[in-house]
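Summary of structural features
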Amino acid sequence: MDTLVPLGLIVNELVSNSLKHAFVDRDNGQIQIKLFKEESSGYKNNMAGSKQEKVQSTSFILIVSDNGIGMPGDFDLKNPASLGMQLVTTLIDQLEGKLELKKDNGTEFTVKFRVI
């Protein structure tokens, strides 16, 4: 639930933004939502810090994209002006994830996060 609720809110906000802004003066368009899973393992120090323990984690990549008009040229992902995008970046921070934006041929948001 600690991952699912923020992820649902992120998808909702990004899709809502696409529906509101991406297809202005157009009768059609396409929105895609993709979620990929990558298994990985690593090591971390145990609670006492004296021994390393093997940790299984699962990495996920969420992609929300559209083929709309794209983001404005002055859009700053690190300092978003809209409340909705501020919410998205806050939720991604809560997931300890990373956000990437591609602005060519529409808009594509890529969220990478791990679940341990």
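Along the backbone of the chain there are two helices and four strands. For the chain, whose C-alpha radius of gyration is 17 Å, the value lies well above the compact-globule estimate of 13 Å for 116 residues. Referenced to the eigenvectors of the C-alpha coordinate spread, the extents of the chain come out at roughly 60 × 25 × 25 Å. Taking all 116 residues of the chain together, 36% fall into the buried category.

Attention now goes to helix α1 (residues 4–22). The end-to-end C-alpha separation of α1 is 26 Å, in line with the 27 Å expected for 19 residues at 1.5 Å each. Within the sequence span of α1, burial applies to Pro6, Leu7, Ile10, Val11, Glu13, Leu14, Val15, Asn17, Ser18 and Ala22.

In terms of nonpolar packing, the biggest core is built from 18 residues, with Ile10, Leu14, Leu62 and Val111 touching the most fellow members. Listing elements by their share of this core, those giving two or more residues are α1, β2 (52–66), α2 (83–94) and β4 (107–115). The element that contributes the greatest number of residues to this core is α1, accounting for five residues. In this view, Val111 contacts Ile10, Phe60, Ile61, Leu62, Ile92, Lys98 and Leu99; residues no more than four positions away in its chain are not counted.

Moving on to α2. Counted at 1.5 Å a residue, the expected span for α2 with its twelve residues is 16 Å, and the 16 Å between its end C-alpha atoms agrees. Within α2 the residues assigned to the buried category are Gly84, Met85, Val88, Thr89, Leu91 and Ile92. Viewed end-on, α2 has its buried residues packed into an arc of 160°, placing them on one side of the element. In this structure, α2 carries Leu83, Asp93 and Gln94 as exposed residues pointing more than 90 degrees from its buried face. Close packing links the buried residues of α2 with α1, β3 (98–102) and β4. Following α2 by one or two positions, Glu96 adopts a phi angle in the positive range, close to 55°.

What follows is about the environment of Gln32. Tracing the backbone shows Gln32 in strand β1 (residues 31–45). Spatially, the C-alpha atoms of Gln32 and Ile69 are 15 Å apart, while their sequence positions differ by 37 residues. What Gln32 contacts, discounting residues up to four positions off in sequence, is Ile63, Val64 and Ser65. Here the side chain of Gln32 touches Lys34 through a polar contact of 3.4 Å, side chain to side chain.

Definitions and cut-offs
- Residues numbered from 1 in each chain as written.
- Predicted model: local features only at pLDDT ≥ 70, side-chain atom pairs only at ≥ 80, totals over all residues.
- Heavy atoms only, no water.
- Helix = DSSP H or I, 4+ residues; strand = E, 2+ residues; numbered from the N terminus.
- Rg over C-alpha atoms; globule rule 2.2 N^0.38 Å.
- Buried < 20%, exposed > 50% of the residue type's maximum accessible area, 1.4 Å probe, protein only.
- Expected span 1.5 Å × (residues − 1).
- Core = buried A, V, L, I, M, F, W, Y, C linked by side-chain atoms within 4.5 Å.
- Contact = heavy atoms within 4.5 Å.
- Arc of directions from axis to C-beta.
- Polar contact = N/O pair within 3.5 Å; in protein donor to acceptor, adjacent residues only side chain to side chain.

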